[in-house]
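One letter stands for each residue in the lines below.
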Amino acid sequence: MGSVDPEAHDFIVPVKAVNSNDDMGPWQKSEAYEEYVGFINALNMAVKNKSNKSSCSMSGVVSTMLELLEKLDLWIDQTPPVDQPQRFGNQAFAQWLKKVTEGADSLLAEALPAKYQRAIPELVVYLVNGFGNGTRIDYGTGHEMAFLMLLCCLFKIGALTQTDKIAAVNKIFARYLALVRKLQITYRMEPAGSHGVWSLDDYQFVPFIWGSSQLMGQGHIEPKMFLEKECVESYSEEYMFIGCIEFINKVKTGQFAEHSNQLWNISAVPTWTKINSGLLKMYKAEVLAKFPVIQHVFFGSLLPFKPAQPKAPLHTLHRPPPFAIPAAVAKEEDSEDSKTPTANTPE
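Residues numbered from 1 in each chain as written. Predicted model: local features only at pLDDT ≥ 70, side-chain atom pairs only at ≥ 80, totals over all residues. Heavy atoms only, no water.

(A) Looking closely at the overall build of the protein chain. Looking only at helices and strands, the protein chain features 15 helices and four strands. The buried share of the protein chain, reckoned over its 347 residues, is 52%. Considering only contacts in the protein chain between residues 6 or more positions apart, those separated by 24 or more positions represent 80%. Accessible area of the protein chain: about 15,600 Å², with a carbon and sulfur share of 53%. (Helix = DSSP H or I, 4+ residues; strand = E, 2+ residues; numbered from the N terminus. Buried < 20%, exposed > 50% of the residue type's maximum accessible area, 1.4 Å probe, protein only. Contact = heavy atoms within 4.5 Å. Areas by Shrake-Rupley, 256 points an atom, 1.4 Å probe, with all protein chains shown as cover.)

Here it is in structure tokens:
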């Protein structure tokens, strides 16, 4: 259920608002932060024990967003890498991104029914920032976040519906992941501000969160198994987390424990539930609390940089906001918090 009326709401072009470390406190108390974290949590719960191959309902906008991503994929084929002396950061990526930027309004106009068209000037900023930086030719968790904010906004205006939560992860986000991996390989993109071996991955974070949720409740893949070649070969298309491991194995050489030490440590955690709650905490600490990432975030009317309103008791609300977390779940999360000693390594 959208929390704004797309035909009456005043949309604005989003702008950056986090200009120094002094702005990080207001960001973490902002409506945008609450909305975004609520969105990550809501979709995390939706895909629990639901693999990429699980059946799910798909509204028309899920299908048209998939078509949009398919078009962008085709544009990669039409923009081959150029010959250049430096090995990394192929300049053809800037050409591809220019084409995306110039075509983004019409791409969204084709993807969205007429009643949502007024939102395009606000949505388009998140779309064009979701694939990497055309000057540095790099990609990182901030670009991933821009695309996720686009999906969050599509839920807020009602273009994606509550029944689309599983499809938003297992269809749209999975297709987005395939696209950005193709960009990373084709144009040899640099990681944006990589944390190297102590982070999860040079490029992504959220597929590990949602991917670990997909693995909660299934009984045949234990955490320690994702290090095994046979497990990766069997389940990479079915589970997002395993697909991430397959991609790392494809692009990195050497011992897994050395090039992906944090993931190697995670393989020793006994349950996917513990991994999932640990990764959510880690995301807040290592991505959402870091100025180098958040300085690039855009804020508009749907994800505003203003203090979040105190939460009204649920019984006084006529309807829950799009990503309301049930009180019982919030209470369970709080009790989990007290058991996890650090944000850095999921226990």
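(B) Quick look at helix 8 (residues 206–214). Counting buried positions along helix 8 gives nine out of nine residues, so the element sits mostly inside the fold. Here helix 8 has its buried residues at Val206, Pro207, Phe208, Ile209, Trp210, Gly211, Ser212, Ser213 and Gln214. Looking at the buried side of helix 8, the elements it contacts are helix 2 (31–46), helix 6 (141–156), helix 7 (165–186), helix 10 (240–251), helix 12 (261–266) and helix 13 (272–288).

(C) Representation of the packing of aromatic side chains in the model. Under the defined criterion, the tally for this structure stands at 21 aromatic pairs. On the numbers, 5.9 Å between centres and 50° between planes, the contact of Phe131 with Tyr176 is tilted. Note that Phe131 is positioned in the loop between helix 5 (120–128) and strand 2 (138–139) and Tyr176 in helix 7, a separation of 45 residues in sequence. We classify Phe131 as buried; its relative accessible area is 0%. Owing to a relative accessible area of 0%, Tyr176 belongs among the buried residues under this scheme. (Phe/Tyr/Trp six-rings, centres within 6.5 Å; stacked < 30°, edge-to-face > 60°.)

(D) Broad picture of the packing of helix 3 (residues 60–77) against helix 7. Running from N to C, helix 3 and helix 7 point in directions that differ by 10°, and their axes come no closer than 10 Å. In terms of orientation, helix 3 and helix 7 fall into the roughly parallel class. Taking contact as the criterion, the partners of Val62, Met65, Leu66, Leu69, Glu70, Leu72, Asp73, Ile76 and Asp77 in helix 3 are, on helix 7, Ala167, Lys171, Ile172, Arg175, Tyr176, Leu179, Lys182, Leu183 and Thr186. When its residues are assigned to classes, the contact of helix 3 with helix 7 shows 11 nonpolar, one polar and six charged. (Axes fitted to C-alpha atoms, helices over the stretch in contact; angles between N-to-C directions. Parallel < 35°, antiparallel > 145°, perpendicular 65-115°, else oblique. Nonpolar A, V, L, I, M, F, W, Y, C, P; charged D, E, K, R; others polar.)

(E) Just the confidence of the model for the protein chain, in detail. Confidence in the prediction of the protein chain, expressed as mean pLDDT, is 90, and 87% of residues score 70 or more. Counting contacts from residues 326–347, a segment whose pLDDT is below 50, to residues more than four positions away or on other chains yields 30 contacts. (pLDDT = per-residue confidence, 0-100.)

(F) Examining the packing of helix 2 against helix 6 more closely. The N-to-C vectors of helix 2 and helix 6 enclose an angle of 85°; their axes lie 10 Å apart at closest approach. When the interaxial angle is binned, helix 2 and helix 6 end up roughly perpendicular. Between helix 2 and helix 6, the contacting residues are Glu35, Tyr36, Phe39, Ile40 and Leu43 on the first element and Met145, Leu148, Met149, Leu151, Cys152, Phe155 and Lys156 on the second. In terms of residue class, the contact of helix 2 with helix 6 is made up of 10 nonpolar, no polar and two charged.

(G) Spotlight on the environment of Met282. By the element assignment, Met282 lies in helix 13. A relative accessible area of 1% places Met282 in the buried class.

(H) View of the side chain of Ser54. Position of Ser54 among the secondary structure elements: in the loop between helix 2 and helix 3. By relative accessible area, Ser54 is classed as buried at 18%. At a separation of 2.9 Å, a polar atom in the side chain of Ser54 contacts the main-chain amide nitrogen of Ser51. (Polar contact = N/O pair within 3.5 Å; in protein donor to acceptor, adjacent residues only side chain to side chain.)

(I) Highlighting the side chain of Gln204. In this structure, Gln204 sits in the loop between strand 3 (190–191) and helix 8. Taking the relative accessible area as the measure of exposure, Gln204 reaches 3% and is therefore buried. A distance of 3.2 Å separates a polar atom in the side chain of Gln204 from a polar atom in the side chain of Tyr139. Of the polar contacts made by the side chain of Gln204, one reaches the side chain of Gln184; its length is 3.3 Å. Ignoring any residue separated from it by four or fewer positions in sequence, one finds Gln204 in contact with Tyr139, Thr141, Glu144, Leu177, Val180 and Gln184.

(J) Representation of the pattern of salt bridges in the model. Under the definition given, this model contains 13 salt bridges. Between Lys156 and Glu35 there is a salt bridge whose closest N-O contact spans 3.5 Å. Taken together, the residues Lys156 in helix 6 and Glu35 in helix 2 connect sequence positions 121 residues apart. Given the relative accessible area of 14%, Glu35 is considered buried. Of the charged contacts in the structure, one is a salt bridge between Lys229 and Glu233, with a shortest N-O distance of 4.0 Å. In this pair, Lys229 and Glu233 are both assigned in helix 9 (residues 229–235), four residues apart and thus about one turn of the helix distant. As far as the burial class goes, Lys229 and Glu233 line up, both exposed. It is possible to trace a salt-bridge network through shared partners that takes in Glu70, Asp73, Asp77, Arg175 and Lys182. (Salt bridge = Lys/Arg side-chain N within 4 Å of Asp/Glu carboxyl O.)

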